[in-house]
Amino acid sequence: MLSEEEVISFYRTQPSNLNTATLENVLQRYNDAKQNYEQCPNVSGINFIKDHNNLNGFDMAFLDGCDFTGRGELEQVWGAKVIALNGTESIRAMDIHQRLMDSRFYKLCAYDPTLGDGYAIYEHRRFNAH
């Protein structure tokens, strides 16, 4: 979960769709998400799927979620053959997008920052079918 300071810093320094709301409204949404997160801090849909299906990894993973809680998702699906990321221009996924762009293990296959909050699809270089 991002800290309140990280949310404020992002809001003030990164142009994004988050800026269409007031900082006060963004912080209210953040506090609501934080309260929900604190009520169930150990709940992970990704780990639930892995555990209940005896999986070590994924062929494809789609990352999408709350604006303020997306950071840990990437580690949980790292190694997937394909990662689809929604919200590449959002506070939740902008750093995930950059980490995948900088990774020597993944290559960008598709990217559109203008559709909604943006999306990108990455393919693991080990499984590159092209």
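Residues numbered from 1 in each chain as written. Predicted model: local features only at pLDDT ≥ 70, side-chain atom pairs only at ≥ 80, totals over all residues. Heavy atoms only, no water.

Caption draft 1: Examining the overall build of the chain more closely. When helices and strands are counted, the chain shows five helices and four strands. Listing every helix and strand of the chain by position from the N terminus yields α-α-α-β-α-β-α-β-β. Here the chain, with 130 residues, has 35% of them falling under the buried criterion. Across the chain, every contact between residues at least 6 apart in sequence was considered, and the portion connecting residues at least 24 apart equals 48%. (Helix = DSSP H or I, 4+ residues; strand = E, 2+ residues; numbered from the N terminus. Buried < 20%, exposed > 50% of the residue type's maximum accessible area, 1.4 Å probe, protein only. Contact = heavy atoms within 4.5 Å.)

Caption draft 2: Structural view of the sheet that holds strand 2 (residues 82-86). Judged by pairing direction, the sheet is mixed, and its four strands sit side by side in the order 1-2-4-3 without closing on themselves. Where the open sheet ends on each side, the last strands, each with one partner, are strand 1 (60-63) and strand 3 (106-112). For this sheet, the mean inter-axis angle between neighbouring strands, taken without regard to orientation, is 15°. Relative to strand 2, strand 1 runs parallel, the two sharing four bridges. (Pairing = 2+ DSSP bridges. Axes fitted to C-alpha atoms, helices over the stretch in contact; angles between N-to-C directions.)

Caption draft 3: Highlighting the packing of aromatic side chains. Tallied over the entire structure, the rule returns two aromatic pairs. Taking 6.4 Å as the distance between ring centres and 85° as the angle between the ring planes, the aromatic pair formed by W78 and F105 counts as edge-to-face. A residue pair is termed long-range when its members are at least 10 positions apart, and W78 in the loop between helix 4 (71-77) and strand 2 and F105 in the loop between helix 5 (94-102) and strand 3 qualify at 27 residues. Where W78 meets Y106, the ring centres are 5.1 Å apart and the plane angle is 70°; that geometry is what we call edge-to-face. Highlighted residues: W78 in the loop between helix 4 and strand 2 and Y106 in strand 3, separated in sequence by 28 residues. Relative accessible area serves as the criterion here: at 38%, W78 is assigned to the partly exposed category. (Phe/Tyr/Trp six-rings, centres within 6.5 Å; stacked < 30°, edge-to-face > 60°.)

Caption draft 4: Region of interest: a nonpolar patch on the surface. A cluster of nonpolar residues, F48, I49 and L55, forms a patch on the protein surface that exposes about 260 Å² of accessible area. Residue position: L55 is located in the loop between helix 3 (45-52) and strand 1. A residue is classified by how much of its surface remains accessible, and L55, at 34% relative accessible area, is partly exposed. (Patch = residues over 30% accessible without salt bridge, like charges linked within 9 Å, V, L, I, M, F, W, Y side chains within 5 Å. Areas by Shrake-Rupley, 256 points an atom, 1.4 Å probe, with all protein chains shown as cover. Salt bridge = Lys/Arg side-chain N within 4 Å of Asp/Glu carboxyl O.)

Caption draft 5: Geometry of the side chain of H97. By the element assignment, H97 lies in helix 5. Those residues within four positions of H97 in sequence are excluded, and the remaining contacts are L85, T88, Y111, A120 and Y122.

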